[in-house]
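# Remarks on the overall topology
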Amino acid sequence: MDADLLQFVLFAGLLVALAVPLGAYMAATFAGDVRFLAPVERALLSAAGPAAEKPQRWTGYALALLAFNAAGFALLYLILLFQDRLPLNPQGFPGLSPHLAFNTAMSFVTNTNWQSYGGETTLSNFSQMVGLTTQNFVSAASGMAVAAAVARGFATRQGKTLGNFWVDLTRATLYILLPAALGLALVFAYCGLPQTLAGAFDATTLEGARQTLALGPVASQIAIKQLGTNGGGFFNVNSAHPFENPTAITNLLSTLAILALPAGFCFTYGRMVGDRRQGRALFAAMALLFLAGFAALYASEQAGNPLQAGLVDAGAGNMEGKEVRFGILGSTLWAAATTAASNGSVNAMHDSFTPLGGLVAMLNIQLGEVVFGGVGVGLTGMLLFVILAVFLAGLMVGRTPEYLGKKIEAREVKLAALTLLVMPLGALILPALAIAAGTAQSSVQDAGPHGLSELLYAYSSATGNNGSAFAGFSANTVWHNTFLGLAMMLGRFGYIIPILAIAGSLAAKKAAPPTAGTFPTHGALFVALLLATILIVGALTFLPVLALGPLAEHVSLLAGRTF
Amino acid sequence: MNTALRPALVLLGLFTALTGIAYPLAVTGIAQLSFPTAANGSPVTVGGRVVGSALIGQSFTSERYFHGRPSATTGADPADPAKSVEDPYNAASSTGSNFGPSSAVLAEAVKVRVAALGGGPVPADLVTASASGLDPDISPAAAALQVARVAKARGLPEDEVRALVNRSILGRSFGVLGEPRVNVLALNLALDDLKR
């Protein structure tokens, strides 16, 4: 117990110690003040042509992002479809089915990294490296670019442009993701993550059986999967696999890597808008939500499965689907981080969590991935709630709401409210459709309320661009690959386009200096209002269905009922 | 659209070369030169024969060995490759059980495993399937529980085996991180060394 507390305190301290300087560094990068790879940057941008020079309005910025993501989708789709005809396929895997290739390509382009595929049993090294690793970088960089553009829009005194997407994309990749991934990958390889072009090696076990051990270029992919809030593992069980996460040290580094950049973006934002208190307020709101989620997850898993009372040692916790080297703390801290940060990598099987533990993981996603969230997009998701919160505050006092000196008017509030429809559409309507069609029932593994939880988790994860799963759910069917793919697209661009539009419209407004009547957006009162807005929206939307899934399962378990 | 198309294609191509090819190959090159054992899956060799990986669990069923955790991995049925059968510690196809907490199958499986160990309460890790199906470790308590059985099967004094288990306990990293545990393959290799 005390050891667990010590580990958590160490983690939290290291996270803040990393996030603050990283935030400053990222702000400098997007301002163009980081130049140590300037020749490479110049070469890349000049190859891209004249479009990569001029500042863009929000429409041009969004169009560039869409074009880049569409091209990335097409390339990845083709690589996956035809991996059998491409090199570096030591196991001789066949090409993916069109629906699985669609799902996987969408999954990686939208920074979701949902795994309908089975990693070591499906994908060639070429697909993992050239296909997936590339998107791990550039989908993350796309999200970071959006955050930079939005911060500029909010900060600009009065203007029309948000920066240049190609420049932001290039800088995010070159100066932030690539050096960080290179360093982390080498540490990982030193700690035991394989890094080879071979596909597997054979061993004869002590009892004389043959064991084939799959491996490959693991370390390089895992480093960026954590840093870029991607989460798509090399292996089927993701970071629970001892080759992806062999020790408590790699586990700590990974958990930190999951949250470092998203948390850092709060501070980047504060610097970019020229008022660091704004960034700290957002960080405080996120940290409080994270703490609450983690505490509930930890308590629930530590309490264990009531059905096993008397059968297993008291105090051992719920160990089904967890690894001994991580224990309850290492598993639940990771689960809280990965669902908060839209990362989606797992080091324990969320499907086997206690009902309330699973509920927290799901709710973290359903809140819209704003508790740190994906790199860049987590911050912009939070800004949408900020706009709603200042709007609500304005309603209460009967004054036109303002944020950073800019008037928040009908257009911005409408756009922000529009994004509130994204999660219910993807995570409630689409599962309902699957139930009506009967495709949900045929894919769930568990009977009873847990089956509903599996379905809900899948569509929440896809729409929230998280990528973790209640993995008993058989998602690799034509129906689910298609609809989950569409949910990922909706959950990515359904937020990005409106927030860029808001940034564009705010950029055009004149910033007014604060007056005595201005509602400050950096104090504790605002943080409380922001939290209330997030929780009320999340609770109103999802409480009814959570009652039918995890809550019903919890009550059944207490009554000793199995399914 | 045309203004966006050229940079999209050019930068996608260049970033693919940089992050999808140069980056993983650079990491591969450095890792293979600097720490080849780790980079190649930490294989364990005994008398020139690869017996497994230090990081990956393997199936032990003999009374003479300490057993690892239940594993939910499956493999192709040798009789009919289209079907899959239980294949614990299949390191080419990792998976957990993914049973929900209220699953009747899970509840029954735990009961059967506990009964096989002579009744509860027993260490939880010994009767629950790991996340990966390849967990190399068990808790010190789970190892202690097996001392009597292994000592009897080997005709060794229990104290000697217990002392070996205690020597094999891996503590928390830096005294803080992770959980105390015993690597089952390492313990069993040490056990085989005892008799010599």
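Residues numbered from 1 in each chain as written. Chains lettered and ligands numbered in written order. Predicted model: local features only at pLDDT ≥ 70, side-chain atom pairs only at ≥ 80, totals over all residues.

For chain A, the helix and strand inventory stands at 17 helices and 4 strands. Taken against the 2.2 N^0.38 rule, which gives 24 Å for 563 residues, the C-alpha radius of gyration of chain A at 23 Å falls within 12% of a compact globule. For chain A, the spread of C-alpha atoms along the three principal axes comes to 75 × 55 × 50 Å. Residues classed as buried in chain A amount to 63% of the 563 residues present. In chain A, of all internal contacts separated by at least 6 residues, the share reaching a separation of at least 24 is 79%. (Helix = DSSP H or I, 4+ residues; strand = E, 2+ residues; numbered from the N terminus. Rg over C-alpha atoms; globule rule 2.2 N^0.38 Å. Buried ≥ 20, exposed ≤ 12 C-beta atoms within 10 Å, placed from the backbone. Contact = placed C-beta atoms within 7 Å.)

A few words on the overall build of chain B. A count of helical and extended segments in chain B gives 7 helices and 7 strands. Secondary structure of chain B in N-to-C order comes out as α-α-β-β-β-β-α-β-α-α-α-β-β-α. Since a compact globule built from 196 residues should have a radius of gyration of about 16 Å, the 22 Å found for chain B marks it as more spread out than a globular shape. Taken over the C-alpha atoms alone, chain B extends approximately 75 × 45 × 45 Å along its principal axes. Counting every position in chain B, which comprises 196 residues, the buried fraction comes to 46%. Here the analysis covers contacts within chain B between residues at least 6 apart in sequence; of these, 49% occur between residues at least 24 apart.

Let us look at the domain arrangement of chain B. According to the domain assignment, chain B consists of domain 1 (12-39) and domain 2 (43-194). The distance between the C-alpha centroids of domain 1 of chain B and domain 2 of chain B comes to 34 Å. (Domains from an automatic or database assignment.)

In this section: helix α9 (residues 276-303) of chain A. Taking 1.5 Å of rise per residue, 28 residues should cover 40 Å, and α9 of chain A covers 40 Å from first to last C-alpha, within 8% of that figure. G304 of chain A sits one or two positions beyond α9 of chain A and adopts a positive phi of about 85°. (Expected span 1.5 Å × (residues − 1).)

Below, the discussion takes up the sheet that holds strand β5 (residues 137-138) of chain B. Residues and elements named next belong to chain B. The strand order β5-β7-β6 describes an open sheet built from 3 strands, whose pairing is antiparallel. Two strands in the sheet have a free side with no partner beyond their single neighbour: β5 and β6 (169-170). As paired elements, β6 and strand β7 (residues 181-183) share 2 bridges and run antiparallel to each other. Within β7, the position partnered with I169 by the bridge is V182. The strands that helix α7 (residues 184-194) touches are β5 and β7; relative to β7, the one it contacts most, it runs at about 60°. (Pairing = 2+ DSSP bridges. Axes fitted to C-alpha atoms, helices over the stretch in contact; angles between N-to-C directions.)

Below, the discussion takes up the interface of chain B and chain A. The interface of chain B with chain A comprises 91 residues on the first partner and 109 residues on the second. Put simply, the parts of the chain that give the side of chain B that touches chain A at least two residues each are α1 (2-34), α2 (36-39), β2 (49-53), α3 (104-116) and β5 of chain B. Element by element, the count of residues in the side of chain B that touches chain A is highest for α1 of chain B, at 23 residues. Its residues assigned to classes, the side of chain B that touches chain A comprises 50 nonpolar, 32 polar and 9 charged. (Nonpolar A, V, L, I, M, F, W, Y, C, P; charged D, E, K, R; others polar.)

The peptide bond linking G120 of chain B to P121 of chain B adopts the cis configuration, its omega dihedral lying at -5°. Secondary-structure assignment places P121 of chain B in the loop between α3 and β5. Backbone geometry places N111 of chain A, a non-glycine residue, at a positive phi of 65°. With respect to the helices, strands and loops of the structure, N111 of chain A is situated in the loop between α4 (98-109) and α5 (125-155). Positive phi outside glycine occurs at S42 of chain B, with the angle close to 50°. Assignment of secondary structure puts S42 of chain B in the loop between α2 and β1 (43-46).

For the rest of this paragraph, the subject is the pairing of β1 of chain B. Residue and element names in this part refer to chain B. Relative to β2, β1 runs antiparallel, the two sharing 4 bridges. The partner of P43 across the bridge, within β2, is S53. Counted along the chain from β1 to the antiparallel partner β2, the turn is 2 residues long, and its residue G47 has a positive phi close to 55°.

Right, let's get into the nonpolar core. In globular proteins that are soluble, nonpolar side chains generally tend to be buried together. Core analysis: the largest hydrophobic core is formed by 242 residues, its most contacted members being L177, I387 and A503 of chain A. Top contributing element to this core by residue count: α5 of chain A, with 18 residues. (Core = buried A, V, L, I, M, F, W, Y, C linked by C-beta atoms within 7 Å.)

This paragraph deals with the packing of α5 of chain A against helix α6 (residues 165-191) of chain A. All names here are of chain A. At a minimum axis separation of 8 Å, α5 and α6 run at an interaxial angle of 120°. Here α6 runs oblique to α5, going by the angle between their axes. Between α5 and α6 lies a crossing whose hand is right-handed. Residue-level inspection shows F137, V138, A140, A141, S142, M144, A145, A148 and A149 of α5 in contact with α6, the latter providing F165, D168, L169, A172, T173 and L177. Of the residues assigned to the contact of α5 with α6, the class counts are 12 nonpolar, 2 polar and 1 charged. (Parallel < 35°, antiparallel > 145°, perpendicular 65-115°, else oblique. Left-handed = near helix turned anticlockwise from the far one by under 90°.)

Attention shifts here to the packing of α5 of chain A against helix α12 (residues 377-397) of chain A. Residues and elements named next belong to chain A. Between α5 and α12, the least distance of the axes is 8 Å, while the angle of their chain directions is 40°. Comparing their axes, α12 and α5 come out oblique. Here G143, V146, A147 and V150 of α5 lie close against α12, whose contacting residues are V377, L379, T380 and L383.

Attention now moves to the confidence of the model for chain B. Here chain B shows a mean pLDDT of 94. Residues at 70 or above account for 98%. Here the predicted complex carries an ipTM of 0.96, next to a pTM of 0.96. (pLDDT = per-residue confidence, 0-100.)

Residue and element names in this part refer to chain A. In this model, α12 (21 residues) spans 31 Å end to end at C-alpha, consistent with the 30 Å of a helix rising 1.5 Å per residue. Burial analysis of α12 places 15 of its 21 residues in the buried class, which makes it a mostly covered element. Downstream of α12 by one or two residues, G398 has phi in the positive range, about 65°.

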